[in-house]
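The lines below spell out each chain.
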Amino acid sequence: MEKAGKERDKSPSLAPPASTILHDVKAERLDLPKRSIITRPGFGTSGQRISLLVNHFRVSVRYPDEYFYQYSVSISSENNSMVDSKVIGRKVTDKLYQTYSSELSGKKFAYDGEKNLYTVGPLPHNNFEFTVVLEESIGKRSGSPSHSGSPNDSSKRSKRTLQSNTFKVEISYAAKIPLKTISLALQGAETEKVQDALRVLDIILRQQAARRGCLLVRQSFFNDDSRMFTDVGGGVTGVRGFHSSFRPTHGGLSLNMDVSTTMILKPGPVLDFLLANQNVKETRYIDWLKAKKMLKNLRVKAMHSNMEFKIIGLSDKPCNQQFFLLKVKSGSGAKDEGETLEITVYDYFVKHRNIELKYSAYMPCLDVGKSKRPNYLPLELCSLVSLQRYTKALSGTQRASLVEKSRQKPPERIRVITDAVRNYRYDEDPLLVACGISIEKQLTQIDGRVLDTPKLKVGNSEDCIPRNGRWNFNNKKLLNPSRIDRWALVNFSGRCDTSHLSRELINCGRNKGIHIGRPYTIIEEDHQCRRASPVIRVEKMFEQIMAKLPGPPDFLLCVLPERKNSDIYGPWKKKCLSNLGIVTQCISPSKINDQYLTNVLLKINSKLGGINSLLAIEHSRRIPLITDKPTMILGMDVSHGSPGRSDIPSIAAVVGSRSWPLISRYRAAVRTQSPKVEMIESLFKPLANGEDDGIMRELLVDFYETSNGRKPTQIIVFRLILNRYNLSHRDGVSESQFAQVMNIELDQMIKAYQHLGETDIPKFTLIVAQKNHHTKLFQASAAENVPSGTVVDSKIVHPRNYDFYMCSHAGMMGTSRPAHYHVLLDEIGFSPDDLQNLVHSLSYVYQRSTTAISIVAPVSYAHLAAQQMGQFLKFEDSSETSSGQKSMTAAGNVPVPELPRLHKDVAGSMFFC
C-alpha cells in the first residue's frame, strides 16, 4: 500500500490550468437544480426472516375528520416587569380551568405554556382576554437576614409583604388544523400541515406530564422519584424518565415510547453537593470561586422556613463576619420603635432563631435576594431543589458510570415501557378522547430480516467468518502488515514498565505478521517536568527524542498517565501530526495481554498504511455497482463543543475512500467552522486567487492519486446528523436538515468537482445516518438482543420516504439501538437489497476493531477524526499554526480559529484510527 501523502509531489495533478479555473468559477454561479427526497423504490427481500417487537404502540383514530383549533396566546405586563413564560403559563392554565369555563364552553384544551393553545372544535369567541395576578414576596423574608449597606434601608426586620403583578392575557383565533392530514400522510401524500397536527398531539402528551409536576425536556418527561435516580459522581445524578411521541409510519400512526435519561444536579444539602461536585472530603478544601459559579441561578429550599429561593451569588465574608442591621423591639408597647443592632448572619440564626449551625461559621452565605438587596442564608440550612437540569458535558468517568448503571436488558426494557403506557393512560385524555384516539397497550409485532454475515480475508488470503458480528486474530496474521524499524517509546506515566511493554508488543507483532524492530530508545519523562504545563512537557520530551535519535522516527508509541482525557494528548498529537509528520499511537495500559496488544497493533498497522482485513468481495473485486465504476465513499460528521459553550467552534470532518476498488481505506479532511452550525461550510472554499481550499478538492485529488489516475464517476455519501430533537424521520427540523444536505452540501460537492475542470458530474447516492433516536427492536421469542445484521424496512419506517433500520452490531450489554438510515438521493440506482448489504458490509471494514460496528465505518471514522482534531483546540496554543502565526477565519462577527493542517507526511494516513 503506497503512502500517498509522501508521494503527492510525484503524482499527476487533477487541478486544471488557471484559465480553466477562472472559467469554472464563473460557471459555478449558475443555480443547480433543487432536489426532493426520493420515495421508497421497494422493499428488501434478502436474508432470513425474524419475528420482532418494536417499542411502537398502534394508534387508531375514530374521528379523522376532526379539527384542532389553534389560538394565539399573548401575555403582557401592566408594570413592564419581566414575564416568566413558564410561571405565567402555569397560571394561565389554572385561570382558564378555574374561571373561564363559560368562555371555553366546557372545552378541554392543550397549552404549550408559551404562545399556542389548542382545542377540538372552536371556542364560542374568537377573541377574549383576562388578567392573571401573581403575588411575590418583597422586603425581607421572615427569618432571613437582608442587607443593603444602608441602616435606613428597608432591610430592617419586617413582616413579609406581598407585591401583586398583573398580567393581561389575550387569546385570539389563529388557525384550523385538520386531523385528516395525518391519515393522508399515512397514505403517502405530501401534506403541509401534518407536522402541525402531530405537534398538537405531542403537546397534549407534554401537558399531561406537566400537570404531574414532571421535568420536561422536549418530548421526554421525568418524575421526581428517587427510585429513578442514579448518582454518577461530581454532584450529578442521572434521572430515568420516558420519551413519548406520535409518529406516522408505513404501518399506520403509532406512539413511540422509550426509556429516556437526562442529567440533574443531585438534590439535597448544598454542602453535600459542593463536596461531591469538587471531589473533596472536607469543607475547608472547597474552592469558593468555583462554588459561586456553579451555584448561581440554582433553586434551593430553606429548611427553617420551607421556602424556595434562587441563588444569585455568595456573600463576600464568612457567615460569622457578614453583618446586617436588625431592628429589635424592647416590648414596652405598640409604639415602641425598638433599637437597631448590627449583627452577623451567624449570630442571628444561633441567638435569635435558636438554630444550631455546625459548619457555617467560616463559610460564605448563600445570597438569595436581589442584586441591590442581598438576602443571606447559611449554607447548611439550604438544600438543592430536585429536577434542576445539568447541561454541561459529562466527564469520561461520569459517562461510564451512567452507562453502567442505566443499562437495561431487553426483557426489562419491554416491561418498563409497557408498564408506562398502561399507567399513564394517554388515551383517556379528554382531547384525545374527543378525536376518538385510542392506543394499544402492547408492543407492535413486525417482521425483520437477518442479512448474511460478510466474509473477511486476513493474512495469507485466509478466510475469516465472523460469528454474530465478532471475529479475532488468534492464530491469524494481518492481511497486509506494515514494518516498523525506526521507532521509539516515550513514557509520561510513572506506572508503566516500558521494557516489558516493548518486548510484549514485539512478540505480539511477530505473531500477527508485523515486523517490529527493537525500539531505538525508550525515554522516561523527567520527574521534575511533571508539574509543568502539558505543552512544556511535550516540548521537553521532544528535545530528548531529537537528541537521542539520528533522525525523525517513523513511529512513536506514547504512554499517557490517564486513559481518558489526558491533558498531554492534544499537545502531543499536534506536535506529531501537524508540526513533525510522525505517526503516533497513544496508550495507557491497565494490563498488558495479547488481546490488548492486538487491538493496539490494529490501530498502528492502519496508521502506517497496512491493512488488517478486507471484505472477501472487496478482495476479489466483486462489490455490486462499485467494482465496475470508480466509486468514492464519503463519511461526514460535524462535532460541536460542550452544551452551553457557544464560543467553541464546531469541527467538520469528512473522510473519503482511497485506492479504489478498495472500500476499507480512508483519508480525512478536517476544518473548523461556526459554533453549533450543523451544515458543513468548507466543502467548497474558493479563494481570492481562484484556488479552492475546500475539503472536497483535497479528497478528490487524493482519490485520483491513489486510484491509478481514475476519477470517481460515482460518489456515495454517508452523512451523520445528530437528531437533537429525538423525533427522527417525522420531525420538521430533521426534514429541513435533509433538504439542506441535498441542496446545499451536495451543491458544494458538485461545485468542487467542477472547479477541477470536470464537466461530467458523478452520480451521487446520499444517505443520512442517525443514531440518537428512540426506536428499539426486540426479538419476539428470545430474551437476547436482535442478532447482528437485523434490518427492518417496513411497518415502522416512513410511509413515503426511503429509510430503514439496521442493527449491524451484536449488542452484548443493555438493549441494542439500531442505526436509522435515510436515503435522500440514489442516482447510482442501488436495489434495496444491494444497498442494505453494502451498508451492512461497511460495518465490517472498521480497521480499529474485530467487531461489526453500529454504524458504517466512514461515518465512524469522520466522527473520530473530528474528535481527535478537536483536541488541538483544547490547550493553550490552540490557535497557533506550524508557522507560529495565529490564524482566524471569520464567521459573521465571530472569529473561528483554524485548525492546524496535517503535515504532508501523515496527511494521507489513517491518523484517526
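Residues numbered from 1 in each chain as written. Predicted model: local features only at pLDDT ≥ 70, side-chain atom pairs only at ≥ 80, totals over all residues. Heavy atoms only, no water.

### Some thoughts on the packing of aromatic side chains
A complete count under the given rule lists 17 aromatic pairs for this structure. Considering the side-chain rings of Tyr71 and Tyr173, the 5.9 Å spacing of their centres and the 75° angle between planes classify their relative orientation as edge-to-face. Separated by 102 residues along the polypeptide, Tyr71 in strand β3 (residues 67-77) and Tyr173 in strand β7 (residues 161-178) bring together distant segments of the chain. Tyr173 gets classed as partly exposed once you look at its relative accessible area, which sits at 35%. The interplanar angle of 85° and the centroid separation of 5.1 Å between the aromatic rings of Tyr348 and Phe349 together place this pair among those described as edge-to-face. Take Tyr348 and Phe349: they sit in the same class, and that class is buried. Aromatic rings pair up to connect Tyr666, Tyr846, Tyr861, Phe911 and Phe912 into one cluster. The aromatic ring of Tyr67 is capped on one face by Lys176, whose charged end is 4.3 Å from the ring centroid. Just above the ring of Phe542 sits the side chain of Lys575; from NZ or CZ to the centre is 6.0 Å. (Phe/Tyr/Trp six-rings, centres within 6.5 Å; stacked < 30°, edge-to-face > 60°. Helix = DSSP H or I, 4+ residues; strand = E, 2+ residues; numbered from the N terminus. Buried < 20%, exposed > 50% of the residue type's maximum accessible area, 1.4 Å probe, protein only. Lys NZ or Arg CZ within 6 Å of the ring centre and 35° of its normal.)

### Topic: the pairing of strand β41 (residues 819-826)
Summarising burial for β41: eight of the eight residues are buried, a large majority. For strand β37 (residues 763-770) and β41, the ladder comprises six bridges, and the chain directions are antiparallel. Across the sheet, residue Ile767 finds its bridge partner in β41, namely Val823. As paired strands, strand β40 (residues 802-807) and β41 are joined by five bridges and run antiparallel to one another. Its bridge partner being in β41, Met806 is matched across the sheet by Ala819. (Pairing = 2+ DSSP bridges.)

### Some details on helix α12 (residues 498-511)
With 14 residues, α12 extends 20 Å from end C-alpha to end C-alpha; this agrees with the ideal 20 Å at 1.5 Å per step. What α12 keeps buried is the set Thr498, Leu501, Ser502, Leu505, Ile506, Cys508 and Gly509. What you see down the axis of α12 is that its buried residues fit within an arc of 170°, all on one side. As for α12, its buried residues are in contact with β27 (487-491), β28 (515-516), β29 (521-524), β30 (555-559), β31 (583-587) and α15 (594-607). Regarding α12, its N-cap is Asp497, as a side-chain oxygen of that residue lies 3.3 Å from the backbone nitrogen of Ser499 further along. Following α12 by one or two positions, Gly513 has its phi on the positive side, about 95°. (Expected span 1.5 Å × (residues − 1). Arc of directions from axis to C-beta. Contact = heavy atoms within 4.5 Å. Polar contact = N/O pair within 3.5 Å; in protein donor to acceptor, adjacent residues only side chain to side chain.)

### As for the sheet that holds strand β14 (residues 299-302)
The four strands lie next to each other as β13-β21-β14-β15, forming an open sheet whose pairing is antiparallel. Two strands lie at the open edges of the sheet, namely β13 (268-269) and β15 (307-310), each paired on one side alone. Direction of pairing for β14 relative to strand β21 (residues 382-384): antiparallel, over a ladder of three bridges. Each residue of the ladder has a partner; that of Ala302, found in β21, is Cys382.

### Digging into the packing of α12 against α15
Between α12 and α15, the shortest axis-to-axis distance is 10 Å and the interhelical angle comes to 75°. With respect to each other, α12 and α15 are oriented roughly perpendicular. Touching Leu501, Glu504, Leu505, Cys508 and Gly509 of α12 are Asp594, Leu597, Thr598 and Leu601, all from α15. Residues of the contact of α12 with α15, tallied by class, amount to five nonpolar, two polar and two charged. (Axes fitted to C-alpha atoms, helices over the stretch in contact; angles between N-to-C directions. Parallel < 35°, antiparallel > 145°, perpendicular 65-115°, else oblique. Nonpolar A, V, L, I, M, F, W, Y, C, P; charged D, E, K, R; others polar.)

### Looking at the sheet that holds strand β34 (residues 650-657)
Here 11 strands make up an open sheet; going across it, the order is β35-β34-β33-β36-β37-β41-β40-β39-β23-β1-β38 and the pairing mixed. The open sheet has two free edges, formed respectively by β35 (666-673) and β38 (777-779), since each of these has just one partner strand. The sheet shows a mean angle of 30° between the axes of neighbouring strands, direction not considered. Bridging between strand β39 (residues 790-792) and β40 involves three bridges; their strand directions are antiparallel. Paired with Val792 across the two strands is Tyr805, which belongs to β40. Strands in contact with helix α17 (residues 695-706) are β33 (631-639), β34, β35 and β36 (714-720); relative to β35, the strand with the most contacts, it is inclined by about 170°.

### Quick word on the environment of Gly610
Position of Gly610 among the secondary structure elements: in the loop between α15 and β32 (614-615). Residue Gly610 is classed as buried on the basis of its relative accessible area of 2%. When the C-alpha positions of Gly610 and Ser482 are compared, they lie 5.0 Å apart, and in sequence the two are 128 residues distant. Look past the residues within four positions of Gly610 in its chain and what remains in contact with it is Asn480, Asn605 and Arg665.

### Some words on the side chain of Asn256
As for its position among the elements, Asn256 is in strand β12 (residues 252-265). What makes Asn256 buried here is its relative accessible area of 0%. At 3.1 Å, the side chain of Asn256 and the backbone oxygen of His774 are in polar contact. In contact with Asn256, other than residues within four places in its own chain, are Asn55, His56, His243, Ser244, Ser245, Arg247, His774 and Thr775.

### Remarks on the nonpolar core
Counting residues in hydrophobic clusters, the biggest one holds 119 residues, and the most contacted among them are Tyr821 and Phe912. Filtering out sequence-adjacent residues up to four positions away, Tyr821 remains in contact with Ile767, Val768, Ala769, Tyr802, Asp803, Phe804, Met806, Val839, Ser854, Ile855 and Val856. Counting 42 residues, the second-largest nonpolar core is a separate cluster that includes Phe309, Ile311, Ile343 and Val368. (Core = buried A, V, L, I, M, F, W, Y, C linked by side-chain atoms within 4.5 Å.)

### So, the pairing of β37
Side chains on a regular strand alternate between the two faces of the sheet. Of all eight residues that make up β37, seven are buried, and the element is covered over most of its length. Taken together, the seven bridges between β36 and β37 define a ladder with parallel strand orientation. Paired with Arg719 across the two strands is Val768, which belongs to β37.

### A short note on the side chain of Thr790
Considering the arrangement of structural elements, one finds Thr790 in strand β39. For Thr790, a relative accessible area of 0% gives the class buried. For Thr790, the side chain forms a polar contact with the main-chain oxygen of Pro787, separated by 2.7 Å. Ignoring anything within four residues of it in the chain, the contact list for Thr790 reads Leu52, Arg449, Val450, Leu777, Tyr805, Met806 and Cys807.

### Re the pattern of salt bridges
In this structure the tally under the stated criterion is 32 salt bridges. Lys512 is the salt-bridge partner of Asp594, the closest N and O atoms lying 3.8 Å from each other. Residue Asp594 is found in helix α15, and its partner Lys512 is found in the loop between α12 and β28; the two are separated by 82 residues along the sequence. Overlapping salt bridges bring together Arg658, Arg667, Arg671, Glu698 and Asp702 as one network. (Salt bridge = Lys/Arg side-chain N within 4 Å of Asp/Glu carboxyl O.)

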